[in-house]
Amino acid sequence: DVKVTQSSRYLVKRTGEKVFLECVQDMDHENMFWYRQDPGLGLRLIYFSYDVKMKEKGDIPEGYSVSREKKERFSLILESASTNQTSMYLCASRTSGINEQFFGPGTRLTVL
Amino acid sequence: EDQVTQSPEALRLQEGESSSLNCSYTVSGLRGLFWYRQDPGKGPEFLFTLYSAGEEKEKERLKATLTKKESFLHITAPKPEDSATYLCAFLNYGGSQGNLIFGKGTKLSVKP
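The rules behind these values
Residues numbered from 1 in each chain as written. Chains lettered and ligands numbered in written order. Predicted model: local features only at pLDDT ≥ 70, side-chain atom pairs only at ≥ 80, totals over all residues. Heavy atoms only, no water. Contact = heavy atoms within 4.5 Å. Buried area = accessible area lost by both parts, 1.4 Å probe. Salt bridge = Lys/Arg side-chain N within 4 Å of Asp/Glu carboxyl O. Polar contact = N/O pair within 3.5 Å; in protein donor to acceptor, adjacent residues only side chain to side chain. Helix = DSSP H or I, 4+ residues; strand = E, 2+ residues; numbered from the N terminus. Nonpolar A, V, L, I, M, F, W, Y, C, P; charged D, E, K, R; others polar. Pairing = 2+ DSSP bridges. Axes fitted to C-alpha atoms, helices over the stretch in contact; angles between N-to-C directions. Buried < 20%, exposed > 50% of the residue type's maximum accessible area, 1.4 Å probe, protein only. Disulfide = S-S within 2.5 Å. Phe/Tyr/Trp six-rings, centres within 6.5 Å; stacked < 30°, edge-to-face > 60°.

Draft legend 1. Representation of the interface of chain A and chain B in the model. Contacts between chain A and chain B engage 23 residues on the former and 21 residues on the latter. In total, chain A and chain B occlude about 1,700 Å² of area from one another, counting both sides; carbon and sulfur atoms represent 52% of this. The largest per-residue losses of area from chain A upon contact with chain B belong to Asn99, Glu100 and Phe103 of chain A, which jointly make up 29% of the total buried on that side. Viewed at the interface, chain B and chain A are joined by zero salt bridges. Counting every contact that joins chain A to chain B gives seven residue pairs in polar contact (both at pLDDT 80 or more). Mapped by element, the contributors of at least two residues to the side of chain A that touches chain B are β4 (31–38), β5 (42–49), β9 (87–94) and β10 (102–103) of chain A. Considering only residue class, the side of chain A that touches chain B consists of twelve nonpolar, seven polar and four charged.

Right, here's the structure in full:
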């Protein structure tokens, strides 16, 4: 079974802090994704990566950056957290040639 | 503009009361329609992929169907454990890699 893990289930940070969200997958998938999920807005794509050190902006990249130094790990970075970044953050991965994405359990981030 | 709309937003059923969830889409060229199940506080769990009109897939009490304009998720004799939010998504090739565009979901509650 595909396993996607995220470093924290719940996280509370202060406005202005730098925040790192980590995602690791164990199935050698080339493609990895970061989404945020908000009530009434659904899942929205922040960034994705189709290879090590490669990244592309999704629909809402403002205020975020990403890092992919190793194939199995994809990090989402909030350079200076703001209250409007309070959300559920979901990581997903898939292998090239297969379209189904597999999701991690999510990180519920609260920015105070 | 490509988009996907799910209806109803919420659905309450009695145990054993069969029903259907709708996912309608307007895309220039459908390359895949996906169904996911999401339990509260967890990441989405992959259910089905459909690629062409007329295609059907089944899993336990769930059956997904696809036409040229919409997909249905039929739930036969549901049980309380089927309570969840069901998400549909289509495959978008607007970027350099295929990404999923999600609907906002249908929250299903099944009462015993």
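Draft legend 2. The arrangement of the sheet that holds strand β3 (residues 19–25) of chain A in detail. Residue and element names in this part refer to chain A. Spatially, β1-β3-β8-β7 is the arrangement adopted by the four strands of the open sheet, whose pairing is antiparallel. The sheet terminates laterally at β1 (4–6) and β7 (65–70), the two strands that pair on one side only. The average angle at which neighbouring strand axes cross in this sheet is 20°, direction not considered. As judged from the three bridges shared by β1 and β3, these two strands associate in the antiparallel manner.

Draft legend 3. Quick peek at the side chain of Ser93 of chain A. Residue and element names in this part refer to chain A. Its location among the elements puts Ser93 in strand β9. The exposure class of Ser93 is buried, given its relative accessible area of 0%. When residues no more than four places from it in sequence are discounted, the contact partners of Ser93 are Val4, Gln25, His29, Asn31, Met32, Phe33, Glu100, Gln101 and Phe102.

Draft legend 4. Fine view of the state of the cysteines. According to the stated counting rule, one finds two disulfides over all chains in the structure shown. Disulfide pairing is shown between Cys23 of chain A and Cys91 of chain A; the S-S distance is 1.9 Å. Across the disulfide from Cys23 of chain A to Cys91 of chain A, rotation about the S-S bond amounts to roughly -75°, and the bridge is consequently left-handed. Taken as a pair, Cys23 of chain A in strand β3 and Cys91 of chain A in strand β9 lie far apart in primary sequence, 68 residues in all. Residues Cys23 of chain A and Cys91 of chain A agree in their burial class; the two are buried. A disulfide bridge connects Cys23 of chain B with Cys88 of chain B, and the sulfur atoms are separated by 2.0 Å. Since a negative S-S torsion denotes a left-handed disulfide, the Cys23 of chain B-Cys88 of chain B link at about 75° is right-handed.

Draft legend 5. Main features of the pairing of β7 of chain A. Residue and element names in this part refer to chain A. As paired strands, β7 and strand β8 (residues 73–78) are joined by four bridges and run antiparallel to one another. Bridge assignment links Ser67 to a residue of β8, and that residue is Ser75. Where β7 folds back onto β8 in an antiparallel hairpin, the turn is made up of two residues.

Draft legend 6. The arrangement of the packing of aromatic side chains in detail. Summed over the entire model, instances satisfying the criterion amount to ten aromatic pairs over all chains. Ring plane angle 90° and centroid distance 5.5 Å describe the contact between Phe103 of chain A and Tyr36 of chain B, whose orientation is recorded as edge-to-face. Of the two residues, Phe103 of chain A is situated in strand β10 and Tyr36 of chain B in strand β4 (residues 33–38); the pairing between them involves two chains. Considered together, Phe103 of chain A and Tyr36 of chain B belong to a single accessibility category, that of buried residues. Taking 6.1 Å as the distance between ring centres and 75° as the angle between the ring planes, the aromatic pair formed by Phe103 of chain A and Phe102 of chain B counts as edge-to-face. Of this pair, Phe103 of chain A sits in strand β10 while Phe102 of chain B is found in strand β10 (residues 99–102), placing the two residues in two different chains. The structure contains a cluster of three or more aromatic residues connected by ring pairs, namely Phe33, Tyr35, Phe48, Phe102 and Phe103 of chain A together with Tyr36, Phe46 and Phe102 of chain B.

In short, the description is geometric, and any link to function would need to be established separately.
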